[in-house]
Amino acid sequence: MDILPAYKMVQDSINELSKVDRNFDSIFQAATNFLTFANSKLEKRKLDIEVQTGLNEKRIIANQPLESAKDKFRVNVHNMVMDQVVNSLKQRFSEHGSLYADLSCLDQRNFAEILKRMPSDALQHLSGWFKKFDDTVTKDQLQTELSDFTRKWENFQTTLEDEYNLIFEMEVSDSVSDNIQQSELVELPGNNQRNKCKSCKKCIVCCYFVLQKFNLHSLAYSNLYHAYKFVLTLSSSQVACERSFSKLK
């Protein structure tokens, strides 16, 4: 999936969660209905088990305002959990929309659109990251190199050897960055092998290895090469979504 559609799906999820983050009554009613249904099934099976359908009311202490167990659960559990979920998603994704748009420009699937019209602010956010390492890199330089690379991409991919395989486990870990841990490589469902690119010529990995294979990173596309290298060193694994909610534990 392209980065931008994935980002938009996350934004839609945030918006939908924000609409129902205080809809505790309907959730409580649904839980009560389910527990009532479960107890009826247990009773039909003549099992000496009954699931509690209400919240325990604590003993009221003198001179303290009356507060039901339901209201306390609403404020201290439900609202806090929903706020944490929404805020975690916003901090992890919403604040980086410009970066995701820049990374999407580097995807070969978007080269046709780049050839038609390069957005005026494309790669601006990405160039800001580069200033931490090289303050001479500008947005215009990255745009110029990307435009030239996209125009010549058809020629580059036709000269590639059909037999060469781009394997994440071996070549990315050696050539891209030592920061990519083998344990973080994506495993395909139902497949015990590492995710491999069979020279598809349609992904960011192929673009990176084309620049490397033909030594285009030395002068012609030096800044663009580092841009692809930066993208491939970003942490990405199937447990990233679980880590984003670690604060809820």
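How each quantity is defined
- Residues numbered from 1 in each chain as written.
- Predicted model: local features only at pLDDT ≥ 70, side-chain atom pairs only at ≥ 80, totals over all residues.
- Heavy atoms only, no water.
- Helix = DSSP H or I, 4+ residues; strand = E, 2+ residues; numbered from the N terminus.
- Buried < 20%, exposed > 50% of the residue type's maximum accessible area, 1.4 Å probe, protein only.
- Areas by Shrake-Rupley, 256 points an atom, 1.4 Å probe, with all protein chains shown as cover.
- Salt bridge = Lys/Arg side-chain N within 4 Å of Asp/Glu carboxyl O.
- Core = buried A, V, L, I, M, F, W, Y, C linked by side-chain atoms within 4.5 Å.
- Contact = heavy atoms within 4.5 Å.
- Phe/Tyr/Trp six-rings, centres within 6.5 Å; stacked < 30°, edge-to-face > 60°.
- pLDDT = per-residue confidence, 0-100.

Per an unreviewed UniProt entry, the protein goes by HAT C-terminal dimerisation domain-containing protein and derives from Biomphalaria pfeifferi.

**Focus on the overall build of the protein**
Each helix and strand in the protein was counted, giving 11 helices and two strands. When the helices and strands of the protein are placed in sequence order, the string is α-α-α-α-α-α-α-β-α-β-α-α-α. Burial statistics for the protein: of 249 residues in total, 34% are counted as buried. Total accessible area on the protein is roughly 16,400 Å²; 52% of this is exposed by carbon and sulfur atoms.

**A look at unusual backbone geometry**
Although it is not a glycine, lysine 46 sits at a positive phi angle of roughly 60°. For lysine 46, a relative accessible area of 78% gives the class exposed. Positive phi is not limited to glycine here, since leucine 123 has a value of about 65°. Residue placement: leucine 123 occurs in the loop between helix H5 (111-116) and helix H6 (124-130).

**A few points about the pattern of salt bridges**
Side chains that differ in sign of charge can pair as their charged atoms come close. For the structure shown, the criterion picks out nine salt bridges. Close ionic contact of lysine 70 with aspartate 25 constitutes a salt bridge, the shortest N to O distance being 4.0 Å. One end of the pair, lysine 70, is in helix H3 (residues 69-92); the other, aspartate 25, is in helix H2 (residues 24-44), with 45 residues separating them in the sequence. Its relative accessible area of 44% is what places aspartate 25 among the partly exposed residues. Where arginine 109 meets aspartate 107, a salt bridge forms, and the shortest distance between an N and an O atom there is 2.6 Å. Given a relative accessible area of 4%, aspartate 107 falls into the buried group. When salt bridges with common partners are traced through the structure, they connect Asp25, Lys70, Asp71 and Arg74 into a single cluster.

**Points about the nonpolar core**
If you look at the biggest cluster of nonpolar residues, it comprises 35 residues, and the most contacted ones within it are Leu106, Leu123, Leu126, Leu146, Phe149 and Tyr228. For this core, the secondary-structure elements that each account for two or more residues are helix H4 (97-105), H5, H6, helix H7 (139-158), helix H9 (204-213) and helix H10 (222-232). By residue number, the principal contributor to this core is H9, which donates eight residues. Once residues lying within four places of it in the same chain are set aside, the contact partners of leucine 126 are Leu99, Asp102, Leu103, Leu106, Ala227 and Phe230.

**Details of the packing of aromatic side chains**
All chains considered together, the criterion is met by 10 aromatic pairs. Ring plane angle 45° and centroid distance 6.0 Å describe the contact between phenylalanine 24 and phenylalanine 73, whose orientation is recorded as tilted. On the criterion of sequence distance, the pair formed by phenylalanine 24 in helix H2 and phenylalanine 73 in helix H3 is long-range, its members being 49 residues apart. Taking relative accessible area as the criterion, phenylalanine 24 reaches 2% and is therefore assigned buried. Owing to a relative accessible area of 34%, phenylalanine 73 belongs among the partly exposed residues under this scheme.

**Some points on the confidence of the model for the protein**
Averaged over every residue, the pLDDT of the protein is 75; the share at 70 or more is 72%. The least confident element of the protein, judged by mean pLDDT, is strand S1 (residues 166-167) at 44; the most confident is H2 at 90. In this model residues 162-170 is a low-confidence stretch, pLDDT under 50, and it forms 20 contacts with partners more than four residues away in sequence or in other chains. Across residues 176-195, confidence stays below pLDDT 50; counting only partners more than four residues off in sequence or on other chains, it has 29 contacts.

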